[in-house]
Amino acid sequence: MRESAQMEELLYRTILNCKTTEDCKALFGDLCTYQEIEKMAQRAAAAKLIAEGKTYSEIIEETGISSATLSRVSKEYHHGRGGYVRFIPKDDSER
C-alpha cells in the first residue's frame, strides 16, 4: 500500500474511534481549521436539505453555500458513492 493510502486509512480508522458528537468535535477541532469544519458542515447541511427536497435557491439562502459547491454536493448526493444518502442523519437528534 502506498504511503498516502496508508495515511488515508489511518485517518478513517481514527474517525471510526469517535463514539459521540463531542468526540468528533474534539478530533475535527484538532485535525481541521475552523474554515474547513465550516465548509464540511455546510456541505452536510446542503445534502440534508437536498434529501428534504429543498430547491437550490432555498439551500443557498439557508446555508450560504456557493452554487458551484452545491452543484458538486448534489451530484455526489445523486450519483456518488452513497455516503451522503447513507450517513446524513434523517433527523436532528444527537448520538
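Asks: Would you explain the overall build of the protein chain in this entry?
Replies: Along the protein chain, the regular secondary structure elements total 6 helices and 0 strands. When the elements of the protein chain are put in sequence order from the N terminus, they spell out α-α-α-α-α-α. Dimensions along the principal axes, computed over C-alpha positions, put the protein chain at roughly 40 × 30 × 25 Å. The buried share of the protein chain, taken over its 95 residues, is 20%. Across the protein chain, contacts joining residues at least 24 apart in sequence account for 39% of those joining residues at least 6 apart. When the accessible surface of the protein chain is summed, it comes to about 7,500 Å², and 54% of that surface belongs to carbon and sulfur atoms. Between the centroid of the 14 positive side chains of the protein chain and the centroid of its 16 negative side chains there is a distance of 6 Å.

Asks: In this structure, what is going on with the packing of helix 3 (residues 34-51) against helix 4 (residues 56-63)? I would like to understand it.
Replies: In a pair of packed helices, the angle between the axes and the distance between the axes together describe the arrangement. As a packed pair, helix 3 and helix 4 sit with axes 10 Å apart at the nearest point and diverge in direction by 145 degrees. Taken as a pair, helix 3 and helix 4 cross one another with a handedness that is right-handed. Facing Gln42, Ala45, Ala46, Leu49 and Ile50 of helix 3, the residues of helix 4 in contact are Ile59, Glu62 and Thr63.

Asks: I'm lost on the nonpolar core in this one. Help?
Replies: For soluble globular proteins, the rule of thumb is that nonpolar side chains tend to be buried together. Membership of the largest hydrophobic core is limited to 10 residues, which are Ala46, Ala47, Leu49, Ile50, Ile59, Ile65, Leu70, Val73, Tyr77 and Ile88. Counting residues per element, this core draws most heavily on helix 3, at 4 residues. Dropping the residues within four chain positions of it, isoleucine 88 is found in contact with Ala44, Ala47, Lys48 and Gly83.

Asks: Any chance you could explain the pattern of salt bridges here in plain terms?
Replies: Working definition: two side chains of opposite charge can pair if their charged atoms are close together. Overall, the coordinates contain 2 salt bridges when judged by the stated rule. The closest approach of N and O atoms between glutamate 22 and lysine 25, which form a salt bridge, is 3.4 Å. With glutamate 22 and lysine 25 both in helix 2 (residues 21-31) and 3 residues apart, this pair spans about one turn of that helix. As far as the burial class goes, glutamate 22 and lysine 25 line up, both exposed. One salt bridge in this structure joins lysine 48 and glutamate 52, with 2.8 Å as the shortest N-O distance.

Rules used throughout
- Residues numbered from 1 in each chain as written.
- Predicted model: local features only at pLDDT ≥ 70, side-chain atom pairs only at ≥ 80, totals over all residues.
- Heavy atoms only, no water.
- Helix = DSSP H or I, 4+ residues; strand = E, 2+ residues; numbered from the N terminus.
- Buried < 20%, exposed > 50% of the residue type's maximum accessible area, 1.4 Å probe, protein only.
- Contact = heavy atoms within 4.5 Å.
- Areas by Shrake-Rupley, 256 points an atom, 1.4 Å probe, with all protein chains shown as cover.
- Lys, Arg positive; Asp, Glu negative; His and termini not counted.
- Charge placed at Lys NZ, Arg CZ, Asp CG, Glu CD.
- Axes fitted to C-alpha atoms, helices over the stretch in contact; angles between N-to-C directions.
- Left-handed = near helix turned anticlockwise from the far one by under 90°.
- Core = buried A, V, L, I, M, F, W, Y, C linked by side-chain atoms within 4.5 Å.
- Salt bridge = Lys/Arg side-chain N within 4 Å of Asp/Glu carboxyl O.

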